[in-house]
Amino acid sequence: METLRQLDTDLFLWLNGLYAPWLDPVMVGATMRNTWIPFYALLIGWLIFQYRKRAFGLVLTLVLAVVLSDQMASTVMKPLTLRLRPCHEPALQKLIHPVLECGGTYGFASSHAANTFALAMALWLLVGKRFGWVRWVFVWAAVVSYSRIYVGAHYPLDVLAGAGIGVVMAVGCVSLYRKLTVLPPTP
C-alpha cells in the first residue's frame, strides 16, 4: 500500500509540475463549477429540443447520476478514507504548484471527476449511439479531472477513483431508467 501511495505522490508531483503561467487561468476556469453552467444549460436545451417529452426522464437520469456520484465521493468516500488533499499535506507544501485555495481537508475521491464522468457516461449510454459527438464529453470530463491535479487539489488516484464512481453511478442510473421506460431502438 505504501508503494502505491508513493507512486501516486510521485505521479502527482510530476503532473502538477507540468504548469505554465498561461495555463493557470485555463485550469482555474476548467476546475470552477460555475464555468460550466452555460454548457449544462445548452445540454438541457438540446435534450429538450431533440427528445421533447422524453427529455424530462433523460435530464432526471443525468441529474440523479451526478447527485449520487457526488454524494458517494463527498459524503461516503472522503470521510471513510480521510486522505488529505496534496495541498494539505505538510511534506508537499513546498513542492507543489498551488493555483487556488486548497479547499476541503480530504480528497479521496474527487467529486469533480465523479460528477463529470457520471454526466459523460450517462449521456453516452442514453444518446451516444445516435449522436456520436457525445464521446467528446469524455474529453471534457478528463480535462476537468486533470485540472484538479493541476491546481493541487487531488492525487491521480483520487481522480481515477472519482471517475470510476461516476461511471458506476451512471451505469446504474441508466439501467434504472431503461427498466422504468421503454426506449425505441436507435438506428
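Conventions used here
Residues numbered from 1 in each chain as written. Predicted model: local features only at pLDDT ≥ 70, side-chain atom pairs only at ≥ 80, totals over all residues. Heavy atoms only, no water. Buried < 20%, exposed > 50% of the residue type's maximum accessible area, 1.4 Å probe, protein only. Helix = DSSP H or I, 4+ residues; strand = E, 2+ residues; numbered from the N terminus. Arc of directions from axis to C-beta. Contact = heavy atoms within 4.5 Å. Expected span 1.5 Å × (residues − 1). Disulfide = S-S within 2.5 Å.

> Describe in detail helix α2 (residues 23-31), supporting the description with residues and values.
Every buried residue belonging to α2 is among Leu 23, Asp 24, Met 27, Val 28, Ala 30 and Thr 31, and all of these are buried. What you see down the axis of α2 is that its buried residues fit within an arc of 160°, all on one side. In the core, the buried residues of α2 are packed alongside α5 (111-127) and α6 (136-150).

> Tell me about α6, and name the residues and values.
Spanning 15 residues, α6 covers 21 Å between terminal C-alpha atoms, matching the ideal 21 Å at 1.5 Å per step. In this fold, the buried residues of α6 make contact with α1 (2-16), α2, α3 (37-51), α5 and α7 (156-180). One or two steps after α6, the chain reaches Gly 152, where phi turns positive at roughly 90°.

> Break down the state of the cysteines for me, with residues and values.
All chains considered together, the criterion is met by one disulfide. Across the disulfide, Cys 87 is cross-linked to Cys 102 (sulfur-sulfur distance 1.7 Å). Its S-S torsion of about 75° marks the bond between Cys 87 and Cys 102 as right-handed, since a negative value means left-handed. Here Cys 102 lies in the loop between α4 (55-81) and α5 and Cys 87 lies in the loop between α4 and α5, a separation of 15 residues in the sequence. Judged by relative accessible area, which is 11%, Cys 87 ranks as buried. Taking relative accessible area as the criterion, Cys 102 reaches 15% and is therefore assigned buried.

Any functional reading would require information beyond the geometric quantities listed.
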